[in-house]
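Here is how the chains run, residue by residue.
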Amino acid sequence: MTDLFHLNEDQLAIQEMARKFTADRITPHAAKWDEEHHYPVDVWKAAGELGFGAIYVSEESGGIGLGRIEAALIMEAMAYGCPATSAYVSIHNMAAWMLDTFASDELKHRYLPSLVSMEKIASYCLTEPGSGSDAAALKTTARLDGDHYVLNGTKQFISGGGVNDVYLVMVRTGAEGAKGVSCVVVDKDMPGLSFGAPEKKLGWNASPTAQVIFDNVKVPVSNRIGAEGDGFKFAMAGLDGGRINIGACSLGGAQRCLDEAVAYVKDRSQFGKAIAEFQNTQFTLADMATDLEAARALLYLAAAKVTAGAPDKTRFAAMAKKLASDNGSEIVDKALQMFGGYGYLKDYPIERFWRDLRVHRILEGTNEVMRMIIGRDLLK
């Protein structure tokens, strides 16, 4: 950004490219993907050709080396067509970034080329059945056995579980707590790795979710990212950017529903005139647009702080994620109300966005945890 209020020419070009890709490859198909629970891997490959598989992976590692504002612009644009699709691109980028930032050169050379192109797709495995918000309490173990770790345990709610090729897994290599957590890379075809049945979810039907189960899975020590005990630190660093991205996905979905609502109220007539002429409609649209722009402004500011490594970046990422996902869900709900009974039908896109955006207040840290992060940072 040239300042806090304008995108520069490069950012505008990136935004336009992402919008065009969405209009051509995502929006026309999103309703069918949702209905058929289809995971559009072919679209990932096309996105990879544009560099969207490695948005903030360094150019030295084959990425396009952009900042978090540019990533947010891409996520927001893609979520205008399908929030589930956009959010999954965010997860893949987080995994690729962690490899690029923290892994050894040998590990980068082994995995990044296929992840950058999205020839292979990555998942991020932190949450477990017994540790969601309390992520440092994870129980999946990695016992050292010669030049391998032996993994046992289960990961829960893993996007792409059972379908994706590569899994970045947070495991316990030491004592209880955050300092005993390490990060290893696991391939889908490693013996002992299995997956639960796809979860039956309210939304995000275009992105499969399943347990990832480790039963004496042997993983080379060379597949560890960074040093033993650094995994939780890496996981939290990744989540700063992930929270910006999921907030951007909420912005994109909310913008789509605001646009749909504006078009609908101009066309829909009741009591002898378009419902757009009623003051209540205008006031509701005004609130929706104001709440959307307020969340967008905070999110772009937080993205700039994460890119710059500002001392308060984690607090601002939490603030932006909380506001964007709260406001986004509320905007979509108001749009559905404007559509009346039609908003409840799958013939219109609003109900899909209502379902998809609801989970944004839960994943990448619940909004209650965001409040904890913000409050603790203010009081330290």
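How each quantity is defined
- Residues numbered from 1 in each chain as written.
- Predicted model: local features only at pLDDT ≥ 70, side-chain atom pairs only at ≥ 80, totals over all residues.
- Heavy atoms only, no water.
- Helix = DSSP H or I, 4+ residues; strand = E, 2+ residues; numbered from the N terminus.
- Rg over C-alpha atoms; globule rule 2.2 N^0.38 Å.
- Contact = heavy atoms within 4.5 Å.
- Lys, Arg positive; Asp, Glu negative; His and termini not counted.
- Charge placed at Lys NZ, Arg CZ, Asp CG, Glu CD.
- Expected span 1.5 Å × (residues − 1).
- Pairing = 2+ DSSP bridges.
- Salt bridge = Lys/Arg side-chain N within 4 Å of Asp/Glu carboxyl O.
- Buried < 20%, exposed > 50% of the residue type's maximum accessible area, 1.4 Å probe, protein only.
- Phe/Tyr/Trp six-rings, centres within 6.5 Å; stacked < 30°, edge-to-face > 60°.
- Lys NZ or Arg CZ within 6 Å of the ring centre and 35° of its normal.

(A) Representation of the overall build of the protein within the structure. Across its full length, the protein holds eleven helices and ten strands. Relative to a compact globule of 380 residues, whose C-alpha radius of gyration would be 21 Å, the protein shows 21 Å and is just as compact. The dimensions of the protein, computed from C-alpha atoms along their principal axes, are 80 × 45 × 40 Å. Pairs at least 24 residues apart make up 73% of the contacts formed inside the protein by residues separated by at least 6 positions. Looking at charge distribution, the protein has the averaged site of its 40 positive side-chain charges lying 4 Å from that of its 48 negative ones.

(B) Structural context of helix H8 (residues 279–308). Between its terminal C-alpha atoms H8 stretches 44 Å, which fits the 44 Å expected from 30 residues at 1.5 Å a residue. Positioned one or two residues after H8, Gly-309 has a phi angle of 70°, which is positive.

(C) Expanded view of the pairing of strand E7 (residues 209–220). Of the strand pairs in this sheet, strand E3 (residues 148–159) and E7 are connected by ten bridges, and their pairing is antiparallel. In the sheet register, Tyr-149 faces E7, and the bridge partner there is Val-219. The sheet contact formed by strand E6 (residues 193–195) and E7 spans three bridges and is antiparallel. The partner of Phe-195 across the bridge, within E7, is Val-212.

(D) Local environment of the pattern of salt bridges. Inspection of every chain in the model, using the stated rule, returns 18 salt bridges. A salt bridge links Asp-34 to Arg-355, with the shortest nitrogen-to-oxygen separation between them at 2.8 Å. On the criterion of sequence distance, the pair formed by Asp-34 in helix H2 (residues 30–36) and Arg-355 in helix H10 (residues 350–358) is long-range, its members being 321 residues apart. By relative accessible area, which is 7% here, Asp-34 ends up buried. For Lys-305, the salt bridge goes to Asp-312, with nearest N and O atoms at 3.2 Å. On the accessibility criterion, Lys-305 (18% relative accessible area) is buried. In this structure, a network of salt bridges that share partners links the residues Lys-322, Asp-326, Arg-361 and Arg-371.

(E) Examining unusual backbone geometry more closely. Backbone geometry at Met-118 places phi at a positive 65°, although glycine is not the residue there. Tracing the backbone through its elements, the reader meets Met-118 in the loop between helix H6 (105–116) and strand E1 (122–125).

(F) Just the packing of aromatic side chains, in detail. Per the counting criterion, the structure on display carries ten aromatic pairs. Consider the rings of Tyr-39 and Tyr-88, whose centres lie 5.8 Å apart with planes at 80°: the pair is edge-to-face. Taken as a pair, Tyr-39 in the loop between H2 and helix H3 (41–49) and Tyr-88 in helix H5 (residues 83–102) lie far apart in primary sequence, 49 residues in all. For the pair formed by Tyr-39 and Tyr-88, the shared burial category is buried. When the ring centre of Phe-278 is taken as reference, the NZ or CZ atom of Lys-273 above it lies at 4.8 Å. The positively charged end of Lys-305 is found above the aromatic ring belonging to Phe-316, 4.5 Å away from the centroid.

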